[in-house]
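The lines below spell out each chain.
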Amino acid sequence: MSIKKEGSPAYSKEEDHVEFTSDQALIARLRRKIDLRLIPLLSLMYLFSFLDRVNIGNAKVAGLEKDIGLTPQEYSWALSIFFIGYIIAETPSQMLLKKVGPRKWISLCMFIWGTLTMLLAACNTAASLYATRFFLGIFEAALFPGAIFTLTLFYARREQALRNGLFFSTATMAGAFGGVFAYGIARMEGVRGLHGWQWIFILEGLPTVLFSFVTFRLLPDSPATASFLTAEEQDLCTRRLNADAGPATQTNFSWKQFRDVFVDWKVYMHMFPYILTMTPLYALALFMPTIVRGFNYDALTSQLMTAPAYAVACLCTVLAALSSDRHAERGLHYAIPTLVGVVGYILLIVTEHKSAAVRYIALTITVSGVFSSVPSMTSWISSNFGGQTKRAVAIGLIVSFGNCGGLISGYVYKEDQYTRGHAISLAMLSVGVVLILLLKYLYIRENRRRRNLTPEQFEKEASGEELCDWHPSWVYIS
């Protein structure tokens, strides 16, 4: 990682911050091997997770509200209570993942949340729906921050956006696949005496339960214990990641790193853009079938018509992530898609009385912008916290705060008041763009300050234990 400067040990410049230098063909083969194991696995896990989280929107269109007698307020509370459990569990879950390892912890949580999804079919009161959704949130909290952290154990900082994008793009695939799947399942109304919405929960929860056993068998805990790598590949992977980490190579659980998270300004600067992005994202994911139905489609067709918009968003997400890694840049790759989302919401508002086709194009632009901002957003977080404990806890804390947006999202849209919801989301994303650009400026300024330290200043700032990314030779990715 580090480039020497006369008089300053291990002094580095942002443009010189390169990964471990070895046989690049060998490294490329190692990356491909890790990609083939991790990316399909994490992608399928997140696909099932996102389906199980938002399929209540499809269930609503299929008759959930009417059949168990939910009021609109009770339905909104059922959406939000998931995120109460999610927020409570996120940081503790990350600590357990660090201690137990991703393979055991994520697999166990996956089995439980899949079972809970199936049990949603048995809910016949608002109270039972609340309780099940609350515990669903607790156990789903393990996956998203856990997957982000797991990727940091195998990839250099400048390789993480694309991998985050590939696995997160399955959230958009979940929207497309979930809509088509729900369209077919809803036609099972009355089969074995069950409603179509009950079959949605059963048939979307069962694959999660089954896949948890695959996860337990195949998900690695770290390069050093990855059985699919040879001993030489394990060593190469460990050495190149240590070189990339520079002064932040600590791997053991550390209470000092845990405490440092709470006094690090970067944590709080990442929190607010995150929540301002995730609130519109969850609102779209939860209300997409309802919004599309407002374009004068019938209930079944509105399920199906969510798919094309999500398919376009999936492509945009991968392309944005690829560009972010190729240019080793995060801030603009977060801000520009967010601006696209802003434009999309403006179009949704001004085309309120236009044809369904025009409004659908506006919705597709919105979904593409909001979802494609996420890979750069998450990899920006994981790339700029050094030390495994600090990184794990920081990811958990930021994602936990951001998912407070899930609590809000259930109240963003109200029946037949879609313009109000669009305006709320537009305001959030607009403020988010300003904060993203401010954070990018602060990272650039801090890197410049560190480059200009005198040898004496460098030595003073480099003294101390477990400095991680506070070490002056650490270079932030802006």
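Remarks on the side chain of Asn 164
Here comes step 1: Tracing the chain through its elements places Asn 164 in helix H7 (residues 160-185).
Here comes step 2: The class for Asn 164 is buried, based on a relative accessible area of 2%.
Here comes step 3: If we skip the residues at most four places from it in the chain, Asn 164 touches Ile 148, Leu 151, Pro 375, Thr 378, Ser 379 and Ser 382.

Thoughts on the confidence of the model for the protein
The predicted coordinates of low-pLDDT regions are not to be read in fine detail.
Here comes step 1: Mean pLDDT over the protein stands at 88; residues scoring 70 or higher make up 94%.
Here comes step 2: Averaged pLDDT values over the elements of the protein bottom out at 74 in helix H12 (residues 299-304) and peak at 97 in helix H14 (residues 331-350).
Here comes step 3: When the criterion is pLDDT under 50, residues 1-19 qualifies, and its contacts beyond four places in sequence or with other chains add up to 59 contacts.

Section: the packing of helix H6 (residues 143-152) against helix H17 (residues 388-402)
If you want to describe how two helices pack, look at the angle between their axes and the distance between the axes.
Here comes step 1: Taken N-terminus to C-terminus, the directions of H6 and H17 make an angle of 150 degrees; their axes are 9 Å apart at the nearest point. Viewed along their axes, H6 and H17 adopt a mutual orientation that is roughly antiparallel. As H6 packs across H17, the resulting crossing turns out to be right-handed. For the pair formed by H6 and H17, the contact residues are Phe 144, Pro 145, Ile 148, Phe 149 and Thr 152 on the first element and Gln 388, Arg 391, Ala 392, Ile 395, Gly 396 and Val 399 on the second.
Here comes step 2: Across the contact of H6 with H17, the residue classes break down as 7 nonpolar, 3 polar and 1 charged.

Notes on the pattern of salt bridges
Here comes step 1: A full pass over the atoms with the stated rule returns 16 salt bridges.
Here comes step 2: Among the ionic pairs, Arg 239 bridges to Asp 235, the shortest N-O distance being 2.8 Å. Of the two residues, Arg 239 and Asp 235 both sit in helix H9 (residues 231-245), 4 residues apart, roughly one turn of that helix.
Here comes step 3: The exposure class assigned to Arg 239 is partly exposed, which follows from its relative accessible area of 37%.
Here comes step 4: The class for Asp 235 is partly exposed, based on a relative accessible area of 40%.
Here comes step 5: One connected set of salt bridges, linked through shared partners, spans Asp 264, Lys 266, Lys 390 and Asp 469.

The rules behind each value
- Residues numbered from 1 in each chain as written.
- Predicted model: local features only at pLDDT ≥ 70, side-chain atom pairs only at ≥ 80, totals over all residues.
- Heavy atoms only, no water.
- Helix = DSSP H or I, 4+ residues; strand = E, 2+ residues; numbered from the N terminus.
- Buried < 20%, exposed > 50% of the residue type's maximum accessible area, 1.4 Å probe, protein only.
- Contact = heavy atoms within 4.5 Å.
- pLDDT = per-residue confidence, 0-100.
- Axes fitted to C-alpha atoms, helices over the stretch in contact; angles between N-to-C directions.
- Parallel < 35°, antiparallel > 145°, perpendicular 65-115°, else oblique.
- Left-handed = near helix turned anticlockwise from the far one by under 90°.
- Nonpolar A, V, L, I, M, F, W, Y, C, P; charged D, E, K, R; others polar.
- Salt bridge = Lys/Arg side-chain N within 4 Å of Asp/Glu carboxyl O.

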